[in-house]
Amino acid sequence: MDSPTPAANASLRFRAGDFQTLADALDYAARGETGFNYYSVRGELKTRLPYAELRTSALDLAGRLHGLELERGARVALVAETSPDFHRLFFACQYAGLIPVPMPLPMNLGGKDAYVRQIGRMMDSASASVAVASSDFIGLVREAGSERAGMLMATPEEIAELPFRDGFVPFGPDEPCYIQYSSGSTSAPKGVFVSQSCAVNNTRSIINHGLKIHQGDRCVSWLPLYHDMGLVGFCLTPLMSQMSVDYLGTADFARRPLGWLRLISENRGTLSFSPPFGYDLCQRRASDSAIGEFDLSSWRVAGIGGDMVKVGVLERFAERFEASGFRRSAFVASYGLAESTLAVSFAPLDGEIETDRIDKRELARTGRTVPAAPDAPPEATRSFVLCGRPMPGHQLEIRDDLGRTLGEREVGRILIKGPSVMEGYFENPIATAAITTPDGWLDTGDLGYMLNGQLVVTGRSKDLIICNGRNIWPQDIEWAIERIDGIRRGDAAAFSVESPDNGEQVVTIVQCRTGDPERRESLIREISAAVRTSTGVDCEVVLAPPRSLPLTSSGKLSRAATKAKYLAGVFTPSPSVATSAVAES
Amino acid sequence: MQNDVEPIFQRTCALLQPFNPRGIEISPDTDITGDLEIDSVAVLDLIMEVEDEYGISLPMNLISEIRTVGDLVRAIHQIAGAK
């Protein structure tokens, strides 16, 4: 295989995202030599796809999709493998005036059934007219879509053989761009409806302000393309600034994480992002010989996003890879969410990660963050990372539960406003209204405070559990448990508590009606097995008597109150296999 | 199990031992994530070891359909045999 696409175009002038639509940006980038490169798990270049070739095949596929005579803005679900076909079809939709809907890939051993249910619900929620997946996944899509009458399900090869029809019109500046499903639980997916205007505004701000991208920058990414950080950060932003990208599949990264660093080292990558979990995985897997082989001196921005930044993880990574030329000033903390297309704020470039060490008891007592005394013991303090100022044109505000604006150092809900904020969830006005304030702000559900103009995030969307970089909704865990024989709807509550090693420990409280010790024992085993199979996490299982789970005033399960009761020791942990296994690990 | 898959089964059992703290007897019907104690990161470690051991690559779509030890053994046999 020949060499990957170059980092910079030979003669085409660098343009920093000043385009009206994605189609405009691809038309321009196609005049140069840069583009996308796809690597195998063993680090071999599988395919190079310069923007010029991407545009040619996207235009051809657009004609094939146009031949289906769908209404303008019809949804095309795409199983988002990190592959040339996904990119070709995503941009074919842009040219044909159809809305692409990236869908996830299965990631768990034995997770097939849960996956089929998940994508089935997404295709329903998006009312997809077409669903495309490679031959590896089309079987699963057909199973998931079997009840969606009239939906065309096809492989990319089959789409390419449809008759070509001329006369398609690309999406204009006032039209939609794509729908993204990373919000909401699997059981009730919410599609973030992103417009062309949001996509170009957010990427333009990332290019000019967040990352200050210049000609010669090169991206390396293993982030899934069905998440905002992968799609917007490492597909749309590079396109808008004519950068080359070297891709590694997400499952390949998880198996061989050092392949990521090898790619940065060999291709002289300058921009790459990961949740803290990715840095941790590399640091734990790296042998001394591997560290000697890498040259990470080209890495200008090692971004952190997608989860709360834990300083210890970054420290260990920086120490471990200092010998490979990694500079700790390359770390850049950021804050964002799919509802704001991707990015809201970036910490300043070329500085050390800034932290605020505060008094934990004062925070719990008053909701204010007070700097801890220098001699305060570690258990009385907590360090939070500063995530930077909002990008120009974007606004941030911290408010309390009554909607009052809070001042510096006061912890409250993070609200955002600006040109990157979505208009709403796709065909879901109730969910949209639930997070929109009367004065037009979007309530992120995350908690934080402002310090010298910078945002500090202290907690996230209240019920979300993040394990090894994956977002897990408690509803999905509860749902898996409720499918077990003898357990009824509303019997299970899932939440996470901080584990001794700073990670998260998932706890489930399950109401059960049997006192038989043997039956209880086997129930606990069935519950942990169901949770592992559906979501891939280990959990502690606590059995509780019927009607012991606290409800909110509207009769819904209150996870926060359940967690508080658990922490207060109200639920007696069962002397069980699952619990003891957790304690050992 | 057929004769040619028996060695693969034995080898797989050895690779699974670290995830079997309760020391249950592993049979082809053992449910990997249900009966053993293995989370999503450990699964990828296991898959990587299997791949290295046999010089193969197990595609994600196949992995999502593997529930039991017997399923895993058959998948290895099928992919390694096709090489």
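Residues numbered from 1 in each chain as written. Chains lettered and ligands numbered in written order. Predicted model: local features only at pLDDT ≥ 70, side-chain atom pairs only at ≥ 80, totals over all residues. Heavy atoms only, no water.

Caption draft 1: Molecular detail of the overall build of chain A. The number of helices and strands found in chain A is 19 helices and 27 strands. Relative to the compact-globule value of 25 Å for 585 residues, chain A shows a C-alpha radius of gyration of 24 Å, a close match. If you line up chain A on its principal axes, its C-alpha atoms span 70 × 60 × 55 Å. Sorting the 585 residues of chain A into buried and exposed places 59% on the buried side. Sequence separation of 24 or more characterises 71% of the internal contacts of chain A that already satisfy a separation of 6 or more. (Helix = DSSP H or I, 4+ residues; strand = E, 2+ residues; numbered from the N terminus. Rg over C-alpha atoms; globule rule 2.2 N^0.38 Å. Buried < 20%, exposed > 50% of the residue type's maximum accessible area, 1.4 Å probe, protein only. Contact = heavy atoms within 4.5 Å.)

Caption draft 2: Quick peek at helix α8 (residues 228-240) of chain A. Residues and elements named next belong to chain A. Over its 13 residues, α8 runs only 16 Å from end to end, short of the ideal 18 Å by more than 12%, given 1.5 Å per residue. For α8, the buried fraction is high: 13 of the 13 residues fall into the buried class. Just past α8, the residue Q242 takes up positive phi, approximately 55°. (Expected span 1.5 Å × (residues − 1).)

Caption draft 3: Quick look at the pattern of salt bridges. Enumeration according to the criterion identifies 31 salt bridges over all chains in this entry. With its nearest N and O atoms 2.2 Å apart, the salt bridge here joins R255(A) to E51(B). Of this pair, R255(A) sits in helix α9 (residues 250-255) while E51(B) sits in helix α3 (residues 40-54), each in a different chain. Across the pair, exposure class does not vary: R255(A) and E51(B) are buried alike. A salt bridge links R489(A) to E482(A), with the nearest nitrogen and oxygen atoms 3.1 Å apart. A relative accessible area of 69% means that R489(A) is categorised as exposed. Taking the relative accessible area as the measure of exposure, E482(A) reaches 16% and is therefore buried. Here the residues in one salt-bridge network are R255(A), R256(A), E51(B) and D52(B), joined through shared partners. (Salt bridge = Lys/Arg side-chain N within 4 Å of Asp/Glu carboxyl O.)

Caption draft 4: How the structure looks around the layout of surface pockets. Its volume calculated, the second largest pocket comes out at about 740 Å³. Along the wall of the second largest pocket there are 37 residues; nearest its centre are K46(A), E81(A), T82(A), D136(A) and F137(A). Those elements that provide at least two residues to the lining of the second largest pocket are β1 (35-39), β2 (45-50), β3 (75-79), α3 (84-96), α6 (156-160), β10 (244-248) and α9 of chain A together with α4 (60-63) of chain B. Partitioned by chemical class, the residues of the lining of the second largest pocket number 20 nonpolar, 10 polar and seven charged. (1 Å grid on protein atoms, 1.4 Å probe; cavity = no way out; pocket = protein on both sides within 12 Å on 5 of 7 lines; lining within 4 Å. Points joined across faces, edges and corners; volume = space filled by probe spheres on them. Nonpolar A, V, L, I, M, F, W, Y, C, P; charged D, E, K, R; others polar.)

Caption draft 5: Quick look at the domain arrangement of chain A. Split into domains, chain A comes out as domain 1 (22-256), domain 2 (351-459) and domain 3 (465-584). Here the C-alpha centroids of domain 2 of chain A and domain 3 of chain A sit 29 Å apart. (Domains from an automatic or database assignment.)

Caption draft 6: Main features of the sheet that holds strand β19 (residues 412-417) of chain A. All names here are of chain A. In space, the four strands of this open sheet follow the order β18-β19-β21-β22, with antiparallel pairing throughout. Both outer strands of the open sheet, β18 (395-399) and β22 (454-459), are each paired with one neighbouring strand and no more. In this sheet, adjacent strand axes meet at a mean angle of 55° when their direction is disregarded. Where β19 lies against strand β21 (residues 442-451), four bridges are found, and the strand directions are antiparallel. By the bridge assignment for β21, G412 is matched with G448. (Pairing = 2+ DSSP bridges. Axes fitted to C-alpha atoms, helices over the stretch in contact; angles between N-to-C directions.)

Caption draft 7: Spatial organisation of empty space enclosed by the protein. All names here are of chain A. Counting across every chain of the model gives two cavities of 30 Å³ or more. Of the volumes computed, that of the largest cavity is approximately 60 Å³. Taken together, 14 residues form the lining of the largest cavity, with N9, F14, Q215, S241 and Q242 sitting closest to its centre. Partitioning the lining of the largest cavity into residue classes produces five nonpolar, seven polar and two charged. Size it by volume and the second largest cavity reaches roughly 40 Å³.

Caption draft 8: Examining the sheet that holds strand β27 (residues 539-544) of chain A more closely. All names here are of chain A. If you walk across this open sheet you meet the three strands as β25-β26-β27, and the pairing is mixed. Each edge of the open sheet carries a strand with a single partner, namely β25 (492-498) and β27. Adjacent strand axes in the sheet meet at a mean angle of 25° when their direction is disregarded. Direction of pairing for strand β26 (residues 504-511) relative to β27: parallel, over a ladder of six bridges. Counted as the bridge partner of I509 is V542 from β27. Packing of helix α16 (residues 474-482) onto the sheet brings it into contact with β25 and β26, and relative to β25 it is tilted by some 135°. The strands that helix α18 (residues 559-567) touches are β25, β26 and β27; relative to β25, the one it contacts most, it runs at about 60°.

Caption draft 9: Here's a closer look at the nonpolar core. Residue and element names in this part refer to chain A. The biggest cluster of nonpolar side chains holds 185 residues, and the ones touching the most others in it are F91, W260, L261, Y279, W299, F321 and F326. Taken domain by domain, the makeup of this core includes at least three residues from each of domain 1 (22-256) and domain 2 (351-459). Among all residues touching W260, those that are not within four sequence positions of it are V220, W222, L248, F253, S272, F273, S274, G278, Y279, C282 and W299. By size, the runner-up hydrophobic cluster in this structure holds 21 residues, among which are I465, A492, I527 and L543. (Core = buried A, V, L, I, M, F, W, Y, C linked by side-chain atoms within 4.5 Å.)

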